[in-house]
Amino acid sequence: MFMESHVFAVWDFMSLLKALQQKLTCVSVPWTPTPWPESRRFINEIVLGEESDEFEGRAVSHFEVYLEAMQEAGADTSAVGALVDGIAPNELQIDLAGAPTAAAKFVATTFELIRTGSLAAQAAAFTFGREDVIPDMFRELVRDLNRESSGELSKFVWYLERHIEVDGEDHGPLSLRMVSDLCGDDAGLWEEAAAAAAAAIEARLALWDGILAEIQRASRSR
C-alpha cells in the first residue's frame, strides 16, 4: 500500500525536476547559455542519474526501477501506469482520478507549483521537500527492510540505498546552493522560497499521514 501511493511522488519528482531543467538550462534550439552555470550543471547531473541511471547492467530511470520493485513486491502498478499512459505532451492538467487520495493531493500540489510558482519557489520545494529530507527519512526504512526482507524487496532496497548515497553525499548540499544562487540578495525571492519550502514539507507530511491512515483502515477491516 505504501508503494502504490509513494510511486506517484517518485513520478512527480521527475516532473518537477524537468520543470527546473527547462528553466535552468537551455533545451531549445538555437542554444544560449543561462545565467546559472553551477545550478544548470547540478540539474543536468540529477537528470542523468534519475532518468538514466545504471542498474543491473542497463540504463533505466529510477521511476522504472520503482515500478519493477513494486512488481517484485506484489504491489499494483495499474493506477500509476494508467496515469503515465494517459499523459499528453506539454499538458499540465493531470488526471488523478485513479490515484490514492493522499497521492492525488500531493501530486496536485506539485503541479500547481509547476504551473504558477517562480523558479526560486520551485527550486526551494525541490530542495527542502525532496532532496534535503530524503536521506535521513529513507535510512530508517532501509534498516528495517534489510532486517525483515526475505528477497522480495531487493529492488526497493536498491532504490532506497541509491537515493541515500546520491542525495546524502552530493545532491542535498548542491540543491541548497541552487536556492541561494537563484534567490541572491532578493528578499522577495527568499520569502517565496521559504513559503514554497514550507508548503512542500507540509504536503509531504500530509502524504505520509494519508498513507498511514489508508494502511490503518485496511488493517482494521481484516
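Calculation criteria
Residues numbered from 1 in each chain as written. Predicted model: local features only at pLDDT ≥ 70, side-chain atom pairs only at ≥ 80, totals over all residues. Heavy atoms only, no water. Phe/Tyr/Trp six-rings, centres within 6.5 Å; stacked < 30°, edge-to-face > 60°. Helix = DSSP H or I, 4+ residues; strand = E, 2+ residues; numbered from the N terminus. Buried < 20%, exposed > 50% of the residue type's maximum accessible area, 1.4 Å probe, protein only. pLDDT = per-residue confidence, 0-100. Salt bridge = Lys/Arg side-chain N within 4 Å of Asp/Glu carboxyl O.

A. Main features of the packing of aromatic side chains. By the definition in use, this model includes 7 aromatic pairs. Ring centres of Phe55 and Trp158 lie 4.5 Å apart, and the angle between their planes is 50°; on these two criteria the pair is classed as tilted. In this pair, Phe55 is assigned in strand β1 (residues 53-55) and Trp158 in helix α8 (residues 154-183), connecting sequence segments 103 residues apart. Seen in terms of ring centroids, Tyr66 and Phe156 are 5.6 Å apart; in terms of plane orientation they differ by 85°. Their pairing is edge-to-face. Separated by 90 residues along the polypeptide, Tyr66 in helix α3 (residues 62-73) and Phe156 in helix α8 bring together distant segments of the chain. Taken as a pair, Tyr66 and Phe156 share a single burial class, namely buried. Here a set of aromatic residues connected by ring pairs shows up, and it is made of Phe2, Tyr66, Phe156, Tyr159 and Trp208.

B. Region of interest: the confidence of the model for the protein. For the protein, mean pLDDT is 90; residues scoring 70 or higher make up 95% of the total. No element of the protein has a lower mean pLDDT than helix α7 (residues 134-148), which averages 72, and none a higher one than strand β2 (residues 58-60), which averages 96.

C. Representation of the pattern of salt bridges. Overall, the coordinates contain 7 salt bridges when judged by the stated rule. Its salt-bridge partner being Lys18, residue Glu51 comes within 3.1 Å of it at the nearest N-O pair. Separated by 33 residues along the polypeptide, Glu51 in helix α2 (residues 37-52) and Lys18 in helix α1 (residues 2-24) bring together distant segments of the chain. The shortest N-O distance in the salt bridge between Arg58 and Glu56 comes to 3.2 Å. We classify Arg58 as partly exposed; its relative accessible area is 31%. Glu56 gets classed as exposed once you look at its relative accessible area, which sits at 54%.

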